[in-house]
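Examining the three-dimensional arrangement
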Amino acid sequence: MSPKINRARARGLAAMSIATAAVCLLATGCFAPGYAAPPQSASPAPLQCTVRDGFTLAAVGDVIISNPESANDNPEFQAQLKLLRGADVTFGNFEGTAIDIRHFPGSPQAESGGAWIVDSPLVPADLKNMGFTMMNRANNHTTDWGVAGMAETDRLLDQAGIVHAGTGKDLAAARAPQYLQIPKGRVALVGMASSFTPMSVAADPSGIVPGRGGVDAMHTTRWVTVTPEAMQALVKLHNGLPDQADKPITGTPKQLVLLGTHYRLSDQFGYDFEMNQTDLAAILRNIREGKESADFLIATIHCHEPGNWSTKPPDFLVTLAHDAIDNGADVFIGHGPHQLRGIEIYKGKPIFYSLANYYFEEYQQQVIPAALYAGFNVDPNTGIPAEFQDVRASREFGGSQYYTSVIAVSTYERGQVSEIHLYPIDLGIDRRWNQRGVPRLASPDVARSILERLADLSKPFGTAIEIQGSVGLIRVQPAQ
């Protein structure tokens, strides 16, 4: 039976069930006051991937790019562009604001994602020329230049013909799946962020109150796990504070909120995260909706948690990735911490917990707001922007792990991923600033070190990566 017939049959059965339930409710008076609503049924089984055989997806992580780059004639740069241009769909996370600063009516906001990133308005069209066709827009830099900067960037991406998701004029628009039609099928994209500034969060209208533009936010609560001895010290601190004197705590509680930080009793120090269940339900619903209208669905998130220092994804991200696939996603792509995290194959579908940086030109920024200088106690009148960026880089992202990554190219046969090729790229931590952060295919030695590191990060997920020269290969067995 064909997928279309299966879908039609499923809709017909669902309609019959709803009609039968309605008759039952009316006959038994269950709508009368005082009666409890019937329990909701479990989510239906996810629809199958129906893209044509041979479909390929090229995926990268963060794209932080200042100016058009596709004309760069470096052979290793052009070689990796062939990978992007050769795929049916090419995905990345657009992290910045594309505006003409000379004419932009907005301003840098009081808060940012760590810097106020500005891209040339020519960048979106150049990314299209590089091969990008779909991009996530929900991240911690989305509103560096306000909702106006977000809207202008989205407009330029639209103009360039790049499908993007994760932002919108209100929350419903930010959460909505977006679609790309290609010869081998229709591809949907649902974008979200767990790392964002408070002002970035989109909101729906309420009565006469208009909605607020922003990102599709997955709110989480961070719990710091502490040992019993540490919890007792926290209780002592709590009880000693003058505003807590009338509500002392006795014993060793399992949980404690102190000065805005959540603590939880454990046998070791660390971090646990809890997802907001309202956000989770809405996001999973939109994944199901997107898959119903497409042959293939990409779910993607910008996640820095627990911090850029960590090569291990937070606990909630593993749960979210599995839930997304259980609700219809065919691939789950993470980005955010600017370095690689492991790869998992869950029910025959790939999860990239972080694809690190594809472009990393944050320190090539020439437009630097005064607040950024002040944050590093640097006088803007004493040096040029590049010298200031040297100071920033030495304090923030000085390690080589932030300047190496992979391009992941997944191939699908019979509705399932059959193999994933991993092409290492080198962003050149030792190059001059005008070429640092620009991707090139890595040399054999650097490529092997990248693949060996990624293989080690993927082992806890049961994923084996074969290293064949300068390319990694994951062979995926058909899901049962």
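From a predicted model like this one, the values you see are computed outputs, not experimental measurements.

Definitions and cut-offs
- Residues numbered from 1 in each chain as written.
- Predicted model: local features only at pLDDT ≥ 70, side-chain atom pairs only at ≥ 80, totals over all residues.
- Heavy atoms only, no water.
- Helix = DSSP H or I, 4+ residues; strand = E, 2+ residues; numbered from the N terminus.
- Rg over C-alpha atoms; globule rule 2.2 N^0.38 Å.
- Areas by Shrake-Rupley, 256 points an atom, 1.4 Å probe, with all protein chains shown as cover.
- Pairing = 2+ DSSP bridges.
- Axes fitted to C-alpha atoms, helices over the stretch in contact; angles between N-to-C directions.
- Core = buried A, V, L, I, M, F, W, Y, C linked by side-chain atoms within 4.5 Å.
- Buried < 20%, exposed > 50% of the residue type's maximum accessible area, 1.4 Å probe, protein only.
- pLDDT = per-residue confidence, 0-100.
- Contact = heavy atoms within 4.5 Å.
- Expected span 1.5 Å × (residues − 1).
- Polar contact = N/O pair within 3.5 Å; in protein donor to acceptor, adjacent residues only side chain to side chain.
- Salt bridge = Lys/Arg side-chain N within 4 Å of Asp/Glu carboxyl O.

Examining the overall build of the protein chain
Secondary structure summary: the protein chain contains eleven helices and 24 strands in total. For 480 residues, the compact-globule estimate of 2.2 N^0.38 gives 23 Å, and the protein chain sits close to it at 24 Å. Its C-alpha atoms give the protein chain principal-axis dimensions of about 80 × 70 × 50 Å. For the protein chain, the accessible area works out to roughly 21,700 Å², and carbon and sulfur atoms hold 55% of it.

What about the sheet that holds strand 9 (residues 185-193)?
One open sheet holds the six strands; their spatial order is 8-9-15-16-18-17, and the pairing between them is mixed. Looking at which strands have only one partner, the edges of the open sheet turn out to be strand 8 (178-182) and strand 17 (343-346). Each strand axis lies, on average, 20 degrees off the axis of its neighbour in the sheet, ignoring direction. Inspection of the sheet shows strand 17 paired to strand 18 (residues 349-352) by four bridges, in the antiparallel sense. Across the sheet, the residue bridging to I345 is P350, located in strand 18.

With respect to unusual backbone geometry
The bulk of non-glycine residues show a negative phi, and the bulk of peptide bonds are trans. A cis geometry characterises the amide bond from E305 onward to P306, with omega recorded as -5 degrees. Turning to its location among the elements, P306 is positioned in the loop between strand 15 (296-302) and helix 8 (315-326). A positive phi is found at H338, a non-glycine position, where the angle reads about 65 degrees. Along the chain, the position of H338 falls in the loop between strand 16 (331-335) and strand 17. Despite not being glycine, A356 shows a phi value in the positive range, around 60 degrees.

A word on the nonpolar core
Ranked by internal contacts, the top residues of the largest apolar core, which has 39 residues, are F55, L57, V89, F296, I298, I333 and L422. The dominant element in this core, judged by the number of residues it contributes, is helix 11 (residues 444-458), at six residues. Among the nonpolar cores identified, the runner-up in size contains 36 residues, and M135, L156, Y358 and Y363 belong to it.

So, the confidence of the model for the protein chain
Mean pLDDT for the protein chain: 90, with 91% of residues reaching 70 or above. Under a pLDDT of 50 for its full length, residues 1-41 has, in the predicted model, 14 contacts with residues more than four places off or in other chains.

Regarding helix 7 (residues 277-292)
Helix length check: helix 7, at 16 residues, gives a terminal C-alpha distance of 23 Å against a target of 22 Å (1.5 Å per residue), a fit within 8%. Capping the start of helix 7, N276 holds a side-chain oxygen 2.9 Å from the backbone nitrogen of T278, two or three residues further along.

A word on the environment of R453
Within the element layout of this structure, R453 appears in helix 11. According to the relative accessible area criterion, R453 is partly exposed, its value standing at 28%. R453 sits 52 residues away from Q401 along the chain, and the two C-alpha atoms are 9.6 Å apart. If we skip the residues at most four places from it in the chain, R453 touches L340, Q401 and T404.

So, the sheet that holds strand 12 (residues 255-258)
The strand order across the open sheet formed by four strands is 12-13-11-14, and the pairing between neighbours is mixed. Two strands lie at the open edges of the sheet, namely strand 12 and strand 14 (270-275), each paired on one side alone. Neighbour to neighbour, the strand axes of the sheet diverge by 35 degrees on average, direction disregarded. Examined bridge by bridge, strand 11 (residues 220-226) and strand 13 (residues 261-265) share four bridges and lie parallel to one another. Looking at strand 13, one finds that W223 is bridged to H262.

Focus: the pattern of salt bridges
Considering all chains together, one arrives at 15 salt bridges under this definition. With its nearest N and O atoms 2.7 Å apart, the salt bridge here joins R137 to D154. With R137 in the loop between strand 5 (134-136) and helix 4 (146-160) and D154 in helix 4, this pair connects stretches of sequence that are 17 residues apart. R175 is the salt-bridge partner of D216, the closest N and O atoms lying 3.0 Å from each other. In this pair, D216 sits in the loop between strand 10 (214-215) and strand 11 while R175 sits in helix 5 (residues 171-175), placing the two residues 41 residues apart along the sequence. Among the residues examined, D216 registers a relative accessible area of 0% and is labelled buried. Salt bridges linked by common partners bring R175, D216 and D279 together as one network.

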